[in-house]
Amino acid sequence: QSIEKGKKFAAHLLEASDADIEFADGMFTVTGTDKALPLAAVARASFAPVGMPPELGIGLDGVGTFPMVPNFPNGCHICEVEVDPETGHVTIDRFVSIDDVGVAINPMLLDGQIHGGVAQGVGQAMLENIVFDDASGQLLSGSFLDYTMPRADIFPAIEVAMHNVPTKSNPIGVKGAGEAGCIGAPPAVINAIQDALAPLGVTDVQMPATPEAVWRAIQEAA
C-alpha cells in the first residue's frame, strides 16, 4: 500500500508517470533510465506542506496486519544446592539451563538473557520478599536496604545450552527467550532445596527460601 503511494510521490518528483516507476532495493526508479530516488528521500518529500499534488495528501505511510500466531519456548533447568541445617543457609553449587528458543539469532546476547533471567528467578526463589506492616499496611521492604536483590556472589557459573526447534508460527522460526530463565529457575531452586530437606521431614518450602525460612522449616519438621 505505501509502496504504491510512494510511486505516485516519486513520479511527481522524477517528472514521470507513476506507471513508469519501479521499486526495488529501497529505490524508486523511472523504468529504463538512471533517474532514481531512495525511499527515504521520497518519504521525506511526501511531508512537504506544499509542492505535491493535493490528491496525494501529506505523508507516506501505510497500514497492514501480520497474523500473530503464538508460540511457546521450552526448557529444562536443573539446580544443585547444599543446605546448612544449622543456619538454613542455601548454597547453589550448580545450575544448568537447556532451552529451546526456536532460532538463536545472536547466541551471545541470548546467553546473557538466559543468565539474567536465571538471576531474577533465583532472587525470587531465595531472597526477594515484599513485607507489609499488618497494622498500617505500610510497605516495610521499599528500598534495597530491606529488599534483597541477587548478587553475583551467590551464583556458580551458570551453564547454558540450546536444543532449538524452529517454530512455524513466524517466518524466521524464533520463540521467546527473555523470560525463560526467570520462569524455569524458581521451581528448579525450590525443588532442589525441598529435595535436600526431605530426609529431615520437611514437606514444603515457601518462597523466598531465606535462611530464616529454611531454618524454621527444619525446626518445625524436627
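For the structure, see preceding data.
Residues numbered from 1 in each chain as written. Predicted model: local features only at pLDDT ≥ 70, side-chain atom pairs only at ≥ 80, totals over all residues. Heavy atoms only, no water.

This brings us to the overall build of the protein. For the protein, the helix and strand inventory stands at five helices and six strands. Counting from the amino terminus, the protein carries its helices and strands in the arrangement α-β-β-β-α-β-β-α-β-α-α. Computed over the C-alpha atoms, the radius of gyration of the protein is 29 Å, more than 25% above the 17 Å expected from 2.2 N^0.38 for a compact globule of 222 residues. Each principal axis of the C-alpha distribution contributes one length, and for the protein these read about 90 × 45 × 30 Å. Within the protein, the fraction of its 222 residues that count as buried is 33%. The long-range share in the protein, meaning contacts at least 24 apart out of those at least 6 apart in sequence, stands at 55%. Summed over its atoms, the accessible surface of the protein is roughly 13,700 Å², and 58% of this surface lies on carbon and sulfur atoms. If you average the places of the 10 positive and of the 28 negative side-chain charges in the protein, the two averages end up 14 Å apart. (Helix = DSSP H or I, 4+ residues; strand = E, 2+ residues; numbered from the N terminus. Rg over C-alpha atoms; globule rule 2.2 N^0.38 Å. Buried < 20%, exposed > 50% of the residue type's maximum accessible area, 1.4 Å probe, protein only. Contact = heavy atoms within 4.5 Å. Areas by Shrake-Rupley, 256 points an atom, 1.4 Å probe, with all protein chains shown as cover. Lys, Arg positive; Asp, Glu negative; His and termini not counted. Charge placed at Lys NZ, Arg CZ, Asp CG, Glu CD.)

With that settled, the discussion passes to the sheet that holds strand β5 (residues 90–100). Taken in spatial order, the three strands of this open sheet run β4-β5-β6, and their pairing is mixed. The sheet terminates laterally at β4 (74–83) and β6 (159–162), the two strands that pair on one side only. Across the sheet, the axes of successive neighbouring strands diverge by a mean angle of 10°, strand direction being ignored. Bridging between β4 and β5 involves 10 bridges; their strand directions are antiparallel. Counted as the bridge partner of N74 is D100 from β5. Running over the sheet, helix α4 (residues 180–197) touches β4 and β5 and is turned about 40° from β4. (Pairing = 2+ DSSP bridges. Axes fitted to C-alpha atoms, helices over the stretch in contact; angles between N-to-C directions.)

Next up on the list: the sheet that holds strand β2 (residues 27–30). A sheet is described by the order of its strands in space; here three strands give the open sequence β1-β2-β3, paired in antiparallel fashion. A strand with exactly one partner marks an edge of an open sheet, and here the two such strands are β1 (21–24) and β3 (36–38). Taken over all neighbouring pairs, the strand axes of this sheet differ in orientation by 20° on average, direction set aside. Pairing of β2 with β3, which is carried by three bridges, proceeds in the antiparallel orientation. Note that in β3 the partner of M27 across the bridge is P38. Docked against the sheet, helix α2 (residues 39–46) engages β1, β2 and β3, running at close to 80° with respect to β3.

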